[in-house]
Amino acid sequence: MVTVRLAEDDLGRVPFALLGVLLLVGSATFSGALSTHDPVTDRRVEDAVERATAQTDAAVRAAVRDAAREVAANPVTTPANTTVGRVLSENQTFRDYLRLRIALATEERLRALSARRGDVHATASILRPTNESTLRSAMDRVSLEGRENGTMLVVTVENITVKAQRDGARVADESVTTTVGVRTPVLALHNRTETFERRLDAGATNGGTLDATVTTALWAAAWTRGWSQYAGAPIENVVSNEHAALATNAGVLLTEQQTFGSTDADARHAVGRAAVRTGVRSLLAQTGATGAPALADALPAPNEVDGPPLPTVSTDRTIEASVGSAADHGLVSLLDGTDGDSLDDVVADTHRATVSVESNVHVVQHTSDPPVDAGSDWRLVATTTETNSSVTTLPTRAPAVAPDTAVAAVASRMVTTREQTTKTWRLGNETFESEEQTVKKTRVDVAVVVEPNAVPGPARPIDPLLTPGGQLDGENVAAAASVADDIVSTRGGFDGLARDVAEGDVPSPESVVAPRPSGLDAWIRADLVSLHQRVRNRSLTVSARAVAAGEVNPAAELAADLRSDRDELVGAPAAYDGVADRARVAVRAAYLDRVLVELDHRANQTAAATGAADEAAQDANVGSLSSAVAAERTARQVLETTRPAQQPGRPGGVRFVPDADPMYLSLGGLSGAAVPSVDRAGTYHPLVARNTNLFTVPYGDATDTVLEPVFGARRRVSLRVAAHALLAADDTLAASNGTDDTLRERHDELELAVVRATVPAEEAARDTLTTHTDLGVTERQQVLESTLGRWDDPAHRALAVTNGSAARAIAVSATTPRTVEADLLELRLDDAFRSVRRSQSTTVPQRLTNRTVESTRTARQDVVASATTDVVRNATEDAVEERIDDTLDSRFDRSFRRVPAGMPVAPVPGYWYATVNVWDVAVAGEFAQFRVHARGGETESLTYARDGSAVAFDWDRDGTRETVGRGERVTFDVETAIVVAVPPSGIGVGDVDGDADERSAGWEGGAGCTVATDCRAL
């Protein structure tokens, strides 16, 4: 082998310069070719496919939003028996419908998708379903998952075909799966609405359900109204469907709050309006106001939408408790000296004082010689003692005295007392004397003081006291100074006084009386009247339910509030400006003490009543009133309109706002024109109710007859109750043109009894005018005739005596109007009326009153339905039933057709331990449309609506919309029983309007449309 080195071989060698030129030219030529030709043809296909796949994600995301909006606006909760409806499962209808709509919306969105890369065209698609099988396949390719409490929807669409073509020839074909996350609250809206409906239909074992709310609310209302009725309030309907409707709507709001974190603002106002209307009827009925129905009917209807919203409505019916008449009673009793000292007595006491000697006595030295020991043989036969004392002056140190005590004179002395004792001893015929000396030095600080008499109010220094001046420039007790000088001088000055005091001889106190300055009485009286107005207007607002539960005692609360402010109201200065100023403050303190005594008395009465109610409830095995009312109060807390209720955390910042139509589920039928998805000519009942009272009609003739052997005619009712019964009879007679002879006869008997019961009040007014005015006998009679004559019938005149109208009219007529004298006379008259009403002479026999009420009811309405009678009979002990039936048969020609208000519990006759009554209440409701709005956060605003309409769409593009199913309306049913027990006697408890079976309009057909076809299903 021959080895040739390149450097040495010059055969065929190309010069390097030429090689460089060739490389340069070749490079330029190659680069130009690269700029005009594509040697890598597969890259365009790949780019086109990638672009189409990227657009697929966006298309699916848009399809999810499209489907979510459509499904929320027209949800399907019950599938139809159609091709598309059968695809949806029974248990997850809504989710399946959402998956199906996402699949179809994705197909629509993908049809518009296109991606190009050069001459390569890429598309994405899924098959459009054509039958039930392909519909199911389309739905199955979509899976979804709710995250972040349903506000984020994660959707996966499988088997999306991506194709690429060039010049009509397929160059690529892929199957992809797309997963996207879309912030839409569609699942949260549906899930919460389903939870809301379940809570409306849940049982009472869960205290947060509608059933529990209605039960506790009606229990509390029935016990409160029932006991008020027992106490004498003219309540005809203890439990009404109106109460059930209000409780139901409050419970709906509570369930909304629990489920959505907020409530329907319009519904809150509507429930507030309903609460006001019901509250007006209830509360005014308990006060006996005759204008309650007219006032209640004048208020806006619950579903009224025109005009401005009502003012703030409390979440709970409240009671405005004021000191009121307790302040009046305190003023009158102080002015007139009833139940204690009068105003004049208090003022007189402040002008009295006692002059006395106060001292501090302190033995500073006491020495004694030791006793002489004469021996046992010596006998003591005589003892003589000589005492002398001396007094020296010391620096003055005044003894401690009370703040309101003045020191008229003061001195300090040292009293030295020497006692020389001589004893004579004898032994046989011998005697001798022994001497013993005792020396005692006593410091005596002595003062002559002036101590004002004790009166109500705080002790304060009085300056001036011993000199004239101060308020009204009075004399004060200036005379006490001379009395003090006399006490000192009669004891020989302070030396003698100190010597006497050291020996225990203290001068007796002496009394002095200060003269009253001119204008004192008018000044103090004006100040007292001003304080009375301040105290009278003091009030507090308490929950009526809390009062019924015994959780709050208004009178006790007012007393505690008054006590906490007593010092401020008394207004005592650091030092009294003379005796007159102290008298003014003492009168204020005495007045406040009177008011507090009256409030404490009322508090004790309230506590006794609520305690008895609670014991009766527990004895009836229905639990305590406080627990029932506490649960009911929870429901009413959602009625607050001035500020939002406490809401749970909102996932992702999303706020769910329910929006119901009608906003208030009223008992009256609504016109279809005002309700979504109801025929305009139809009638829609959003709520129906029925409550059956087991023992109804007044607690009158029947029970009186049964119990007459025990109680006779001693049971009586107040003048106010009898007057209301007489008014009802008056109205009924007028409406019937007086054709009912039985009612006329009983009316006349009751009228005569009311007239007689009013006489003591008229006599009390005459006595008050005699004592507190300068009117003569004739003038007093003219005042009474002219004022009481304004009420031209006995019933209204009796009510005027009981409600304060008569007191005001008499006072204005007897004195100058708008003066302090007129105001005080009115208070005296009203207090006199209250006092006389405590006597039996101003009451009316209960039996007479109830017989008239029974006749009034009979004239207005026929006897109670026989079906109710059967219920009562079946629920009554046989012995009681037989006794009542026999007695009623002997008195009436219709056995047991007039049932008492409540049934005495056996044994009867002779004694019974309670009167009980039972109500069976059922309500059913339906929202014509229930919407929930999702707002805020990062998700889109979305509205979910259920109105019972059928949902249909053209899923196969054949031009025909096929029904998928319907979004059922939100409905519920509640049923509960209420038992009320009151003590024996009285008027019992129960619905006395004769309507034993109260049914709202539409009850027979149930909630919803009166005619089913009126509820459009298209």
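In this text, all values refer to a predicted model and were calculated from it rather than measured experimentally. (Residues numbered from 1 in each chain as written. Predicted model: local features only at pLDDT ≥ 70, side-chain atom pairs only at ≥ 80, totals over all residues. Heavy atoms only, no water.)

Visitor: Would you mind going over the overall build of the protein with me for this structure?
Guide: For the protein, the count of helices and strands is 29 helices and 28 strands. Considering the protein as a whole, with its 1018 residues, one finds that 50% of them fall into the buried category. Within the protein, residue pairs in contact and separated by at least 24 positions form 77% of the contacts whose partners lie at least 6 positions apart. (Helix = DSSP H or I, 4+ residues; strand = E, 2+ residues; numbered from the N terminus. Buried < 20%, exposed > 50% of the residue type's maximum accessible area, 1.4 Å probe, protein only. Contact = heavy atoms within 4.5 Å.)

Visitor: How should I be thinking about the packing of helix H3 (residues 93–111) against helix H5 (residues 186–201) in this particular structure?
Guide: Two numbers describe a pair of packed helices, the interaxial angle and the distance between the axes. Closest axis-to-axis distance for the H3/H5 pair is 11 Å, and the angle between their directions is 160°. As the angle between them shows, H3 and H5 are arranged roughly antiparallel. Between H3 and H5 the crossing geometry is right-handed. Between H3 and H5, the contacting residues are Phe94, Arg95 and Leu98 on the first element and Val186, Leu187 and His190 on the second. Of the residues in the contact of H3 with H5, the class split is four nonpolar, one polar and one charged. (Axes fitted to C-alpha atoms, helices over the stretch in contact; angles between N-to-C directions. Parallel < 35°, antiparallel > 145°, perpendicular 65-115°, else oblique. Left-handed = near helix turned anticlockwise from the far one by under 90°. Nonpolar A, V, L, I, M, F, W, Y, C, P; charged D, E, K, R; others polar.)

Visitor: Honestly, the packing of H3 against helix H4 (residues 132–140) in this entry has me stumped. Any pointers?
Guide: Packing of H3 against H4 leaves a shortest axis separation of 8 Å and a crossing angle of 95°. Classified by the angle their axes make, H3 and H4 are roughly perpendicular. Of the residues in H4, those touching H3 at Asp96, Arg99, Leu100 and Ala103 are Leu135, Ala138, Met139 and Asp140. The class makeup of the residues in the contact of H3 with H4 is five nonpolar, no polar and three charged.

Visitor: I'm lost on the sheet that holds strand S23 (residues 942–946) in this one. Help?
Guide: Strands belonging to one sheet form pairs held by backbone hydrogen bonds; the direction of such a pair is parallel or antiparallel. The sheet built from three strands is open, its strands ordered S14-S22-S23 with antiparallel pairing. At either end of the open sheet lies a strand with only one pairing partner, and these are strand S14 (655–661) and S23. Pairwise comparison of adjacent strand axes, ignoring direction, gives a mean angle of 15° for this sheet. The pairing of strand S22 (residues 929–935) with S23 spans five bridges and is classified as antiparallel. Each bridged residue has a counterpart across the sheet, and for arginine 931 the counterpart in S23 is alanine 945. (Pairing = 2+ DSSP bridges.)

Visitor: How do you make sense of the nonpolar core when you look at a structure like this?
Guide: Note on soluble globular proteins: their nonpolar side chains tend to be buried together. By size, the foremost hydrophobic cluster in this structure holds 92 residues, and its most contacted members are Leu98, Ile102, Leu153, Val155, Phe927, Phe972 and Ile978. No other element matches helix H2 (residues 42–73), which puts 11 residues into this core. If near-sequence neighbours (up to four positions away) are discounted, leucine 153 is found in contact with Val64, Leu98, Ile102, Leu144, Glu145, Val180, Gly181, Val182, Thr184, Val186 and Leu187. Among the nonpolar cores identified, the runner-up in size contains 69 residues, and Leu343, Leu466, Val483 and Leu827 belong to it. (Core = buried A, V, L, I, M, F, W, Y, C linked by side-chain atoms within 4.5 Å.)

Visitor: Before we go on, may I ask you to explain helix H10 (residues 325–336) in this structure?
Guide: For the α-helix, the turn length of 3.6 residues means that residues three or four positions removed from each other point alike. Over its 12 residues, H10 extends 16 Å from the first C-alpha to the last, a length consistent with the 16 Å expected when each residue adds 1.5 Å. The element H10 is largely enclosed, with a buried count of 10 among its 12 residues. Within H10, burial applies to Ala326, Ala327, Asp328, His329, Gly330, Leu331, Val332, Ser333, Leu334 and Leu335. Looking at the residues trailing H10, positive phi occurs at glycine 337, about 75°. (Expected span 1.5 Å × (residues − 1).)

Visitor: Could you clarify how one ought to interpret helix H13 (residues 493–502) in this entry?
Guide: Turning to H13, its buried residues are Phe494, Gly496, Leu497, Ala498, Asp500 and Val501. The first or second residue beyond H13 is glycine 504, which carries a positive phi of 90°.

Visitor: I would appreciate a short explanation of the packing of aromatic side chains in the present structure.
Guide: Each pair of aromatic rings is reported with the distance of its centres and the angle of its planes. Throughout the structure, instances matching the rule amount to eight aromatic pairs. A centroid spacing of 6.4 Å and a plane angle of 55° characterise the contact between tyrosine 97 and phenylalanine 953, whose relative ring orientation is tilted. Of the two residues, tyrosine 97 sits in helix H3 while phenylalanine 953 sits in strand S24 (residues 950–953), which places them 856 residues apart along the sequence. Across this residue pair, the class does not change: tyrosine 97 and phenylalanine 953 are buried. (Phe/Tyr/Trp six-rings, centres within 6.5 Å; stacked < 30°, edge-to-face > 60°.)

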